[in-house]
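Single-letter residue listing:
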Amino acid sequence: MEIENNNLKKRYILVVEDEDDIVRLISFHLEKEGYLVESAGSGREALENVSRKTPDLIILDIMLPEMDGLEVCRRLRGNSQTASIPILILSARKEEFDKVLGLELGADDYMAKPFSVRELVARVRAMLRRLEQRVDYDLPAKDNASAAEKIIRSGDIILYPERHQVTVGGEESSLTHKEFVLLEVLMENAGKVLTRDVLLDKVWGYEVEVDTRTVDVHVRYLRQKIEENPSIPRYIETVRGVGYRFVKT
């Protein structure tokens, strides 16, 4: 559906939640922000909706009938066509295990119920804003093409901001949206130490109190995808007590 707003297509958000009151609350506030919102009441319905029409972002409850949100997240991340869709998980369960597991399965963000609607909208806005932000780089010419394409290169890692694509040693690496943005920020600032708070601001893009372990979980998962030996990383170096640095190669 091509709906124009300020010359831009409306962003489509899928809310996966089985509590009608919460769906109405979230939908009302997101639609006020100009987003196109649809909902699914179960995990299976969510996957069916995504197969018909790819959303720009998914708000995903964990406790769902038929198939829980963690399994939905796992399946979305396991499919190359849906692997990069930003996912914000909602959960009434506050155990740290649930949060870490959700992030390790590829969720981009996590909020516990009850939640602030203003904060949820701010997080959604920030996540979608990152989809539109790309850094300008000098690029070599494309193969068999005269036009130049923007890339960031270090060692055997090549990041293509416009394609939202990363290759490692010539092989494409399937990154989630947040993993991609995290890698982009680290590579853009290669050689600099970035604190966890700075990464939260640059990658997640909002000024709210967020557990910095979110960064650690994403870095660990990213290393598994780009490092030959994640336990002895070549690219993403931990600076103890401070944050992380992307090592120039």
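Residues numbered from 1 in each chain as written. Predicted model: local features only at pLDDT ≥ 70, side-chain atom pairs only at ≥ 80, totals over all residues. Heavy atoms only, no water.

## Re the overall build of the protein chain
Within the protein chain, the secondary structure is distributed over 8 helices and 14 strands. Each of the 249 residues in the protein chain was classed as buried or not, and the buried ones make up 49%. Taking as baseline every contact in the protein chain between residues at least 6 positions apart, the subset at least 24 positions apart corresponds to 57%. Entry remark: accessible area of the protein chain is about 12,600 Å², with carbon and sulfur atoms responsible for 44%. (Helix = DSSP H or I, 4+ residues; strand = E, 2+ residues; numbered from the N terminus. Buried < 20%, exposed > 50% of the residue type's maximum accessible area, 1.4 Å probe, protein only. Contact = heavy atoms within 4.5 Å. Areas by Shrake-Rupley, 256 points an atom, 1.4 Å probe, with all protein chains shown as cover.)

## Considering the sheet that holds strand β7 (residues 109-112)
Taken together, the 5 strands give an open sheet; going across it, the order is β4-β3-β5-β6-β7, and neighbouring strands pair in parallel fashion. In this open sheet, the two strands that pair with only one neighbour each are β4 (36-40) and β7. Averaged over neighbouring strand pairs, the angle between their axes works out to 20° when direction is ignored. Across 5 bridges, the pairing between strand β3 (residues 12-16) and β4 is parallel. If you follow Ile13 over to β4, its bridge partner there is Val37. With respect to the sheet, helix α3 (residues 69-77) is in contact with β5 (57-61) and β6 (87-91), its orientation differing from that of β5 by roughly 150°. (Pairing = 2+ DSSP bridges. Axes fitted to C-alpha atoms, helices over the stretch in contact; angles between N-to-C directions.)

## Thoughts on unusual backbone geometry
Of the consecutive residues Lys113 and Pro114, the connecting peptide bond is found in the cis state with omega at -5°. Topologically, Pro114 is positioned in the loop between β7 and α5 (117-132). Residues other than glycine seldom take positive phi values, yet Glu66 does so here, at roughly 75°. The topology assignment puts Glu66 in the loop between β5 and α3. Owing to a relative accessible area of 58%, Glu66 belongs among the exposed residues under this scheme. With a phi angle near 55°, His164 is a residue other than glycine that sits in the positive phi range. Here His164 lies in the loop between β9 (157-160) and β10 (165-168).

## Comments concerning the side chain of Arg196
Relative to the assigned elements, Arg196 resides in helix α7 (residues 196-204). Its relative accessible area of 18% is what places Arg196 among the buried residues. At a separation of 2.8 Å, a polar atom in the side chain of Arg196 contacts the side chain of Asp216. (Polar contact = N/O pair within 3.5 Å; in protein donor to acceptor, adjacent residues only side chain to side chain.)

## A short note on the packing of helix α2 (residues 43-52) against α3
As a packed pair, α2 and α3 sit with axes 9 Å apart at the nearest point and diverge in direction by 25°. On the basis of the axis angle, α2 is roughly parallel to α3. Relative to α3, α2 is oriented so that their crossing is right-handed. Mapping the contact onto sequence places Gly43, Arg44, Leu47 and Val50 in α2 and Val72, Arg75 and Leu76 in α3. Here the contact of α2 with α3 is built from residues that sort into 4 nonpolar, 1 polar and 2 charged. (Parallel < 35°, antiparallel > 145°, perpendicular 65-115°, else oblique. Left-handed = near helix turned anticlockwise from the far one by under 90°. Nonpolar A, V, L, I, M, F, W, Y, C, P; charged D, E, K, R; others polar.)

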